[in-house]
Amino acid sequence: MAAVITRRRVAALVALCLAASLLSAVTGTPAQAAPTDYVRVSDGALIAINVDVPEHCTKADPCPTVFEMAGYENGSADGKTPAGDIADATGLPLPLQCGSRCSHSVFFDRHYVTIQASVRGTGCSTGEFDLFSWRSALDGREIIDGWIAKQPWSNGEVAIFGHSYSGITGTMVAATQPRHLKAVSVSGLIDDLYRGIVYMGGVSNMGFPLLWTGIYRPSSEYQNGVIPGVRSGDRTCIANQATRYPPDVLDNPILNGAAGVEDSQWWASHSTITYLDGINVPTHIVQSYQDEQTGPRGSNLLWQRLDERKPELPKRLLLTNGVHSTNTAPPEIRDDR
């Protein structure tokens, strides 16, 4: 019965997201934001970023930076999900209105510079999209050390913040050991893609992983990442759409997930546990027992691995009841508030 209820909840969530995207396109919900800057990384890709600099953060009074990177709205972030944009336009009391930037705009407002980045191949960024890739993690390091630290408003200190997609991405970015990274706060993680979510305990999970990969993620990215940038008239974003590399068919997570039940190097190369030993800064991890999306084990095992391999590294694991939206943000600004 519980499995049936979970599948129904996932199906309802996907249906809501698709309906939100469709309704937004029909009603013409205006774009609230678009990338503010682009960073060219070492292989030539342009990564779209959305930067919010408090007025007091200047060359005379530089500030620390909170950095988040994922493949949803990020580089075009306006603080809302598609449902949130529709709620603003129509007055409908839709759920799930708070996007990943809400925690930035509310919690970090006026204390830190906040930066959202769209991973390559998503939103207004160029390059080839590759789920949880090491190349995307290196992009994050280059943004932190090669761009953020050199800005006049930056004091050279950067913290990574993220939940779920951005938490997994942020963990991998931290593993590249950016020189200016000082701390990591992440939640809703997956340790091993094969064992942790796709074939848990040897039982195939063809529900949420396939729905997220094939429908929810691309729908959310297109609606809140691509459309705001294009609709805003951002010429770079518009031009970048024609330069995005098509994903490698053999590297597609749906194909690999449906092809068989055997573990392989493909799963290892896309799993945070493979790269975790690279983290060398204080790390804060949050995990909820009832996480219906990324599961209850990922954060626990990642923290345990860190504790075993690097006992001297300052770290904290916060375990709590709650669903997937139980993240690193305080209760008053969580998605389920």
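Caption draft 1: Representation of the nonpolar core in the model. Phe67, Ile115, Ile148 and Tyr165 are the most contacted members of the largest nonpolar core, which totals 56 residues. Among the elements that take part in this core, helix H5 (residues 165-175) stands out by supplying six residues, more than any other. Contacts of Phe67, omitting those with residues within four sequence positions, involve Ile115, Ala117, Gly140, Ile143, Ile144, Ile148, Val158, Ala159, Ile160 and Phe161.

Caption draft 2: Structural context of helix H7 (residues 208-231). The principal kink in H7, of about 35°, is found at Tyr222. Note on H7: the residue one or two positions beyond its end, Gly233, has a positive phi of about 85°.

Caption draft 3: Seen up close, the pattern of salt bridges. In this structure the tally under the stated criterion is 12 salt bridges. When the shortest N-O distance is used, the salt bridge between Asp145 and Arg179 registers 3.8 Å. You can see Asp145 sitting in helix H4 (residues 134-146) and its partner Arg179 sitting in the loop between H5 and strand E6 (181-187), a full 34 residues away along the chain. Looking at Asp145, the relative accessible area reads 8%, which means it is buried. The salt bridge involving Asp277 is made with Arg305; its shortest N-O contact spans 3.2 Å. Here Asp277, found in the loop between helix H11 (272-275) and strand E9 (283-288), pairs with Arg305, found in helix H12 (residues 298-309); they are 28 residues apart in sequence, far enough to count as distant. Taken together, the shared-partner salt bridges connect Asp43, Arg120, Arg135, Asp139 and Glu142 into one network.

Caption draft 4: Spotlight on the sheet that holds strand E5 (residues 154-163). Across the sheet, which stays open at both edges, the eight strands sit in the order E1-E2-E4-E3-E5-E6-E9-E10 with mixed pairing between neighbours. Both edges of this open sheet fall to strand E1 (37-40) and strand E10 (315-320), since each of them pairs with a single strand only. Within this sheet the neighbouring strands show an average axis-to-axis angle of 20°, counted without direction. Judged from the six bridges that link them, E9 and E10 form a sheet pairing that is parallel. Note on E10: the bridge partner recorded for Thr283 is Lys315. Contacting strand E3 (63-70), E5 and E6, H5 crosses the sheet at an angle of about 135° to E5. On the sheet, H12 packs against E9 and E10 and is oriented at approximately 155° with respect to E10.

Caption draft 5: Representation of the pairing of strand E4 (residues 113-118) within the structure. Taken across its six residues, E4 has six buried, putting it largely inside the fold. Alternating positions in E4 separate into two faces, Val113, Ile115 and Ala117 on one and Thr114, Gln116 and Ser118 on the other, with burial throughout. Bridging between E3 and E4 involves six bridges; their strand directions are parallel. Note that in E4 the partner of Phe67 across the bridge is Ile115.

Caption draft 6: Representation of the state of the cysteines. Within this structure, the stated rule accounts for two disulfides. Two residues share a disulfide in this structure: Cys57 and Cys63, whose sulfurs sit 2.0 Å from each other. The sign of the -90° torsion about the S-S bond sets the Cys57-Cys63 disulfide as left-handed. In this structure Cys63 comes out as buried when scored by relative accessible area, which is 3%. The disulfide partner of Cys124 is Cys237, and the S-S distance across this bridge is 2.0 Å. Where Cys124 bonds to Cys237 through sulfur, the torsion about that S-S bond is close to -70°, and the disulfide is left-handed. Here Cys124, found in the loop between E4 and H4, pairs with Cys237, found in helix H8 (residues 235-241); they are 113 residues apart in sequence, far enough to count as distant. Here Cys124 matches Cys237 in class, with each residue buried.

Parameters and conventions
Residues numbered from 1 in each chain as written. Predicted model: local features only at pLDDT ≥ 70, side-chain atom pairs only at ≥ 80, totals over all residues. Heavy atoms only, no water. Core = buried A, V, L, I, M, F, W, Y, C linked by side-chain atoms within 4.5 Å. Buried < 20%, exposed > 50% of the residue type's maximum accessible area, 1.4 Å probe, protein only. Helix = DSSP H or I, 4+ residues; strand = E, 2+ residues; numbered from the N terminus. Contact = heavy atoms within 4.5 Å. Bend = angle between axes of the 7 residues up to and from the residue. Salt bridge = Lys/Arg side-chain N within 4 Å of Asp/Glu carboxyl O. Pairing = 2+ DSSP bridges. Axes fitted to C-alpha atoms, helices over the stretch in contact; angles between N-to-C directions. Disulfide = S-S within 2.5 Å.

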